[in-house]
Amino acid sequence: MTADNKGGRIYRAALYLRLSRDESGAYESGSITSQKKLLADYIKEKRDLEIFGIYSDDGYSGADFDRPDFLRMLADIYEGHVSCVIVKDFSRLGRDYIETGRFIQEIFPSLGVRFIAVADRYDSLYADASQLRLIVPFKNFVNDSYCRDISIKIRAVQRLKRLEGRYAGAFAPYGYRKKPDDKEKLIPDIYPAYIVRKIFILRICGMSLKKIAQNLEDSGILPPLAYKRLTDVNYFSGFALHTVPEWTAQTVRRILDDRVYTGVLCQGKTEKVNYKVKHRIYKAQNEPVGKAKTHEAVVGDVQFNIVQELKKRKMRAQAGTESTGMFSGVLFCGNCGQPMLRRRECYVCGKNNSSGGCSSHKISEEKLADIVFGQLAECVEEALKQCGDVLIEEKNCDRQISVYERHQELLERRADWLKRQASEVLPDFMAQKIEKWEYDLFKQRFEEEYIYFLNTAQKHKKTIEEMKIKSDMLRREEGGFDFKELLYRRERRFLTAAVKKIDIYKEKKIVINFRFGLGGLR
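Quantities reported herein were computed from a predicted structural model and do not represent experimental measurements.

### Regarding the pairing of strand 6 (residues 176-179)
Okay, step 1: Sheet topology places strand 6 next to strand 7 (residues 182-188); four bridges connect them, and they run antiparallel. Bridge pairing in strand 7 links Arg177 to Ile187.
Okay, step 2: Taking the residues that link successive antiparallel strands as the turn, the strand 6-strand 7 hairpin has two residues.

So this is what it looks like as structure tokens:
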């Protein structure tokens, strides 16, 4: 019996590969590839080992064991499919001193699993007492210390960046991209920046978060996760293997609440408890988290503040529509402060309507619109001057179409590339370049992503056609589009942009609080 086949047993081996973002940052990086080659070459020389599967966690820290492929490997171990785990060195398994030692010295032995660390020349099948009691604990302790030191250094560097107004994130927020010659500076990304502005305008117009998400989904607009995967080769997300990305009310809310779109960097609001725990906690309110106006704004302060104000007020969509009423979230009872509620064609005090705690007074929607928009007409020039950034998108149809068309080309190229990749997986499998499980995994991923991007491209193309029709209509209008049309059409967008609050009193008095300081009494 040879030394490399002790007992004549054949071990089904799991090749485990890991690389953290701190050590790399590229998906399927060169170091992951080199680990795979090292382990494959090692196993070729061993007659008692055969590969059951390859498990790779690229971009995951060794500080904890909550890693997708590590957990998948554990499941295969518990099901009896794997009887040997092979890694490049101890640190690839993990850097936590206690947990790594527990796996090597307790869990794996109790399950009858052989453990091999190639570069550390460790094989549990042949390990003696000195290795188990001295060398293994010492190396795990060194790996744990390395992880702690790296964490401390990274925290210090990131805090310095935040205080200096430099962007410290791994990926730019949706609507921005990193400046090519300065990765710590954000610049607008034209296409998603327009989508962000559109989201703010739809919200100001009174559309609910859910309806905004549906509107974007129907228009073929990629949600942030899918857009990052489309445009950034270093951003990895296996969304096609788990769930199709889509716009949600929560995604829309996060964008509307993010002050980064006004040119303000708010970084470091949360932090990890320590380098071994993923749970994050919010810092104290008075602790500095960044600098203001560090980059070009995507939306104006007026837009942002309007949305934040409306968020605090009760706004409900009218029955059978996707938008709130004209005066929803703007109209209040001047006597008790409660919102006025729409009942048929009139607005009544909500408190009196529910409990009789206020006087019974009401006003018809038509009469109120005549009064409010009549007041706006008297100061329309000043209103447009102050609120123009809320309405500016109406002027740029041709530019928007050009941006959409460039993005459409990107979607179609991505779909074509995925289709080619799906067809090229089979020859690699037939040539035995990849295993059967790898073939099934890659084929499924490419086909699902292809269908997703193809459907998105088709919806996006329809949106472009609708935009061209709208552009032609505006071009035919005499003198081009005029902001005053919003006033004459009595659009809610203009109302919420120009009016902060309207109070209705039982004495039939109406107080209009304009945003630009021209409040009036009626």
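### Remarks on the sheet that holds strand 11 (residues 340-343)
Okay, step 1: What the three strands build is an open sheet, ordered 11-12-13; its pairing is antiparallel. Two strands close off the open sheet at either side, each with one partner strand: strand 11 and strand 13 (362-364). On average, adjacent strands in this sheet sit at an angle of 30° to one another, irrespective of strand direction.
Okay, step 2: Bridging between strand 12 (residues 346-349) and strand 13 involves three bridges; their strand directions are antiparallel. Bridge pairing in strand 13 links Tyr347 to Ile363.
Okay, step 3: Taken strand by strand, helix 13 (residues 365-378) contacts strand 11, strand 12 and strand 13, and its axis lies near 80° from that of strand 13.

### Quick word on the sheet that holds strand 4 (residues 114-117)
Okay, step 1: Spatially, 2-1-3-4-5 is the arrangement adopted by the five strands of the open sheet, whose pairing is mixed. Where the open sheet ends on each side, the last strands, each with one partner, are strand 2 (49-58) and strand 5 (122-123).
Okay, step 2: Bridging between strand 1 (residues 11-19) and strand 2 involves nine bridges; their strand directions are parallel. Considered in strand 2, the bridge of Ala14 is made with Gly53.
Okay, step 3: Seen against the sheet, helix 2 (residues 68-78) touches strand 1, strand 2 and strand 3 (84-87) and runs at an angle of roughly 150° to strand 2.

### Let's talk about the pattern of salt bridges
Okay, step 1: Summed over the entire model, instances satisfying the criterion amount to 10 salt bridges.
Okay, step 2: Asp69 is the partner of Arg72 in a salt bridge, and the nearest nitrogen-oxygen pair spans 3.2 Å. On the criterion of helical spacing, the pair formed by Arg72 and Asp69 is a turn pair, its members being three residues apart in helix 2.
Okay, step 3: On the accessibility criterion, Arg72 (34% relative accessible area) is partly exposed.
Okay, step 4: Among the charged side chains, a network of salt bridges with common partners joins Lys37, Asp41 and Lys44.

Reading guide: rules and limits
- Residues numbered from 1 in each chain as written.
- Predicted model: local features only at pLDDT ≥ 70, side-chain atom pairs only at ≥ 80, totals over all residues.
- Heavy atoms only, no water.
- Pairing = 2+ DSSP bridges.
- Helix = DSSP H or I, 4+ residues; strand = E, 2+ residues; numbered from the N terminus.
- Axes fitted to C-alpha atoms, helices over the stretch in contact; angles between N-to-C directions.
- Contact = heavy atoms within 4.5 Å.
- Salt bridge = Lys/Arg side-chain N within 4 Å of Asp/Glu carboxyl O.
- Buried < 20%, exposed > 50% of the residue type's maximum accessible area, 1.4 Å probe, protein only.

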